[in-house]
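Listed below are the residues making up each chain.
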Amino acid sequence: MSAPFRIDLRDVSTFPTRRDEAWRRSDLRRALPNPVEPAPDLARPSEGGPFAAVRAEETTFANGRLPDGGVFARLRLTDAPHRLRFVTSAEQGGWQAGVDVVVPAGVAATLLETYEGQGGYVGSVLLSFSLEAGASLERIVLMDEPSEAVSISASTVALGASARFAQTVVATGARLQRHETHLMHPGEAVTVRMDGLYLLSEARHADLTTVVVHEGGGGTSQVCKGVVTDRARAVFQGQIVVKPGADGTDARMRHDALLLSDTAEVDAKPELEIYADDVSCAHGNTVGALDDEALFYIASRGVPEAQARALLMQGFIGEVAERIAHEGAREVLAAFAAKRLEALT
Amino acid sequence: MLSIQNLHVSVDETKPILRGLSLHVPAGEVHAIMGPNGAGKSTLGYTLAGRAGYDVTSGSVTLDGEDLMALPPDQRAAKGVFLSFQYPMEIPGVPALTFVRTALNAQRKARGEPEMGAPEFLKRVRAEAASLKMDFDMLRRGLNVGFSGGEKKRMEILQMALLQPRLLILDETDSGLDIDALRIVAEGVNAMRSPERSMLVITHYQRLLDYIEPDRVHVLAAGRIVASGGPELALTLEREGYDRIVAEAA
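Calculation criteria
Residues numbered from 1 in each chain as written. Chains lettered and ligands numbered in written order. Predicted model: local features only at pLDDT ≥ 70, side-chain atom pairs only at ≥ 80, totals over all residues. Heavy atoms only, no water. Helix = DSSP H or I, 4+ residues; strand = E, 2+ residues; numbered from the N terminus. Rg over C-alpha atoms; globule rule 2.2 N^0.38 Å. Buried < 20%, exposed > 50% of the residue type's maximum accessible area, 1.4 Å probe, protein only. Contact = heavy atoms within 4.5 Å. Phe/Tyr/Trp six-rings, centres within 6.5 Å; stacked < 30°, edge-to-face > 60°. Lys NZ or Arg CZ within 6 Å of the ring centre and 35° of its normal. Arc of directions from axis to C-beta. Pairing = 2+ DSSP bridges. Axes fitted to C-alpha atoms, helices over the stretch in contact; angles between N-to-C directions. Patch = residues over 30% accessible without salt bridge, like charges linked within 9 Å, V, L, I, M, F, W, Y side chains within 5 Å. Areas by Shrake-Rupley, 256 points an atom, 1.4 Å probe, with all protein chains shown as cover. Salt bridge = Lys/Arg side-chain N within 4 Å of Asp/Glu carboxyl O. Lys, Arg positive; Asp, Glu negative; His and termini not counted. Charge placed at Lys NZ, Arg CZ, Asp CG, Glu CD. Buried area = accessible area lost by both parts, 1.4 Å probe. Nonpolar A, V, L, I, M, F, W, Y, C, P; charged D, E, K, R; others polar. Disulfide = S-S within 2.5 Å.

Enquirer: Tell me about the overall build of chain A, and name the residues and values.
Expert: Along the backbone of chain A there are 4 helices and 17 strands. Radius of gyration (C-alpha) of chain A: 20 Å, near the 20 Å computed for a compact globule of 345 residues. Reported as C-alpha extents along the three principal axes, the dimensions of chain A are approximately 60 × 50 × 45 Å. Burial status across chain A gives 57% buried among its 345 residues. Sequence separation of 24 or more characterises 82% of the internal contacts of chain A that already satisfy a separation of 6 or more.

Enquirer: Give a description of the packing of aromatic side chains that names residues and reports values.
Expert: The tally for this structure, following the rule as stated, stands at 10 aromatic pairs over all chains. Seen in terms of ring centroids, Phe86(A) and Tyr115(A) are 4.9 Å apart; in terms of plane orientation they differ by 20 degrees. Their pairing is stacked. Of this pair, Phe86(A) sits in strand E3 (residues 82–89) while Tyr115(A) sits in strand E5 (residues 108–118); the two residues are 29 residues apart in sequence, bridging distant segments of the chain. In this pair, the class of Phe86(A) matches that of Tyr115(A), namely buried. Cluster of aromatic residues (ring-pair linked, three or more members): Phe296(A), Tyr297(A), Tyr46(B), Tyr54(B), Phe85(B) and Phe99(B). A cation over a ring is seen here: Arg51(B) above Tyr46(B), with NZ or CZ 4.6 Å from the ring centre. A cation sits over an aromatic face here: Arg126(B) above Phe136(B), 4.0 Å from the ring centre.

Enquirer: Tell me about helix H8 (residues 232–240) of chain B, and name the residues and values.
Expert: All names here are of chain B. Here H8 has its buried residues at Leu233, Ala234 and Leu237. Projected down its long axis, H8 carries its buried residues within an arc of 100 degrees, all on one side. Where H8 is buried, its residues contact strand E3 (30–34), helix H7 (207–211), strand E11 (216–221), strand E12 (224–229) and helix H9 (243–249). Directly after H8, the chain includes Gly241, whose backbone phi takes a positive value near 80 degrees.

Enquirer: Please give an account of the sheet that holds strand E5 (residues 66–67) of chain B that cites residues and values.
Expert: All names here are of chain B. Pairing within the open sheet is antiparallel, and its 4 strands lie in the order E2-E1-E4-E5. Unpaired on one side and paired on the other, strand E2 (15–25) and E5 mark the two borders of the sheet. Sheet topology places strand E1 (residues 2–11) next to E2; 8 bridges connect them, and they run antiparallel. In the strand pairing of E2, His8 is matched with Arg19. Most of the contacts of helix H1 (residues 41–49) go to E1, to which it runs at about 105 degrees, and overall it touches E1, E2 and strand E4 (54–63).

Enquirer: So what's going on with the pairing of strand E7 (residues 136–144) of chain A? Which residues, and what values?
Expert: Residue and element names in this part refer to chain A. For E7, a buried count of 8 out of 9 residues is recorded, marking the element as mostly surrounded by other parts of the structure. Alignment of E5 against E7, held across 9 bridges, turns out to be parallel. From the neighbouring strand, Glu116 faces E7, where its bridge partner is Asp144. By the bridge criterion, 8 bridges tie E7 to strand E9 (residues 164–171) in an arrangement that is parallel. Residue pairing in the sheet places Ser136 in a bridge with Arg164 of E9.

Enquirer: Give me a positive patch on the surface: which residues, what numbers.
Expert: Residue and element names in this part refer to chain A. Among the surface-exposed residues, Arg18, Arg19, Arg29 and Arg30 lie close enough to one another that they form a single positively charged patch. Looking at the secondary structure, you find Arg29 in helix H1 (residues 28–31). Judged by relative accessible area, Arg29 falls into the partly exposed class, the value being 32%.

Enquirer: Give me the lowdown on the interface of chain B and chain A, citing residues and values where you can.
Expert: Listed by partner, the interface residues are 28 residues for chain B and 17 residues for chain A. Surface buried jointly by chain B and chain A totals about 1,800 Å² across both partners, of which 70% is contributed by carbon and sulfur atoms. Counting the contacts that link chain B with chain A gives 1 salt bridge. Across the salt bridge formed by Arg301(A) and Glu156(B), the nearest N and O atoms sit 2.9 Å from each other. Listed by contribution, the elements that provide at least two residues to the side of chain B that touches chain A are H1, helix H2 (73–78), strand E6 (81–84), strand E7 (91–95), helix H3 (96–110) and helix H5 (149–163) of chain B. If one sorts the elements of the side of chain B that touches chain A by residue count, H3(B) sits on top with 5 residues. For the side of chain B that touches chain A, the residue count by class is 18 nonpolar, 7 polar and 3 charged.

Enquirer: Hey, could you go over the state of the cysteines for me, with residue numbers and the actual values?
Expert: In total, this model carries 0 disulfides over all chains according to the counting rule given. The thiol of Cys281(A) is unpaired, and the distance to the nearest cysteine sulfur, on Cys224(A), comes to 18 Å.

Enquirer: I'd like a rundown of the pairing of E9(A), residues and numbers included.
Expert: Residues in a regular strand project their side chains so that they alternate between the two faces of the sheet. All names here are of chain A. Buried residues dominate E9, accounting for 7 of its 8 residues. Direction of pairing for E9 relative to strand E11 (residues 191–200): parallel, over a ladder of 8 bridges. By the bridge assignment, Phe165 is partnered in E11 with Val192.

Enquirer: Kindly report on the pattern of salt bridges, identifying the contributing residues and their values.
Expert: Side-chain pairs of opposite charge can arise where the charged atoms are in close proximity. The tally for this structure, following the rule as stated, stands at 36 salt bridges over all chains. One salt bridge connects Arg204(A) with Glu202(A), and the closest N-O pair in it is separated by 3.1 Å. Overall, the relative accessible area of 8% leaves Arg204(A) in the buried class. Note that Arg124(B) and Glu120(B) form a salt bridge whose closest N and O atoms lie 2.7 Å from each other.

Function cannot be read off these values alone, since they describe shape.
Right, dumping it as structure tokens:
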């Protein structure tokens, strides 16, 4: 089965390079030529963070440490939303942490996961999700980090029968920022949503990588949107594998990116590998500039050009937030994206 | 009202399409522009609305004495120009309601008028949508996304009804419409006729003019107006085709 790299920040030989296909477009060894020293301890940040408006339980790693000094958390989620925060403040140095998340049978959970910080730190998190039969999880990830940071978040997801897993990752990039998800889809009425949004400026780099392996039928739906400007670089790698016998699979993948400058770059690698017969799969991928004809249409109705561009871009990215079920989280993300978009243009 | 003098327009910097077009549309009148394919009909519409790539190489266009060609498209709209597109654009993710309200308030702002509040706006939209037999819930969806050809044209009429332009340019509004949709759209246009408003109805076929009766009919061929007349000219064209009249003018 597909799995994330086991990265040990103290040992550069464990850092993937361009020679590793899954990391070909995000060369970690090049970003980190030397072993990473541990970041100093950090005072406990105050509660809240970007999703402070949502009433929730909270687990916070501060420079990779839990309040008791540990680096590994086990979460057993309930119907109440839960904030999982990775807060870093370090000019250099790094941390590694691990989280096991269990959603018990019948529970409908919401996880609000945020990556926040200051400085040129290195953060690496390995998460493991396990949804029991009939459990449902909506996972909202916001990676809003400084331009000097290196940040890697890798997850594996295992699903019980009739589980529902929905993920939305919003990334604004960093020196190197990567969010990676490996999901084993057992079929059996399981549904999966695997969405993403990246909004990149300056020389930022964001990499959204997903691997969904259908062992059985069932649905997977993926919508990833991105807007990239300046010299920023986005990587989208979306892989859906439909194994032999996974009949009845319904998999849909879309990736659409807007390039606002000639020096920005988007590397898109959508992959559908189908080894079963009775499946319904579709994927679409576009990278381009704003549609001049649409801009003229909007302007011809009286909207000034700058406002027309903003309207078109809001519409372009809007679908990602709209697909979020949790109303409070949806509002936070929509507002965040709108503000970020404004800064991009 | 609308005055076009000896207009020459090239598209994409090379191809001359309009070659000395002159036209006057007084306030309150509806003029039809008919012509064969490739005559420059759509170019005229796009030029008046200010589309990039349509370069005026000579001539002038004024609306109530004011030079239109110097203005960007949004300012022309604020002055009252409205081009109804042959193929209205789909704008995913921007609800039709948001789109129209943004346009309306942008125009009002440009004219120094106060913005229209949501309650009044919604009241007006509901009334107009009902008279166009449009499902109001459709207006909450992305503009024109998943709309049929007829629904898109009705959406155009709804926009003009709300924006209340002074100069209406209808570019092949009948294309892709069945008879029922055509009737509804034409009724919408006819309801807009007023002594203060001029209309330019661009069409290849006479059919639309059975529903929107013009005061004058002009034949556009090879980038110029080659014949003008009353409504009967459209019937002559329908009967005899464009060949004779275009040949005579040449």
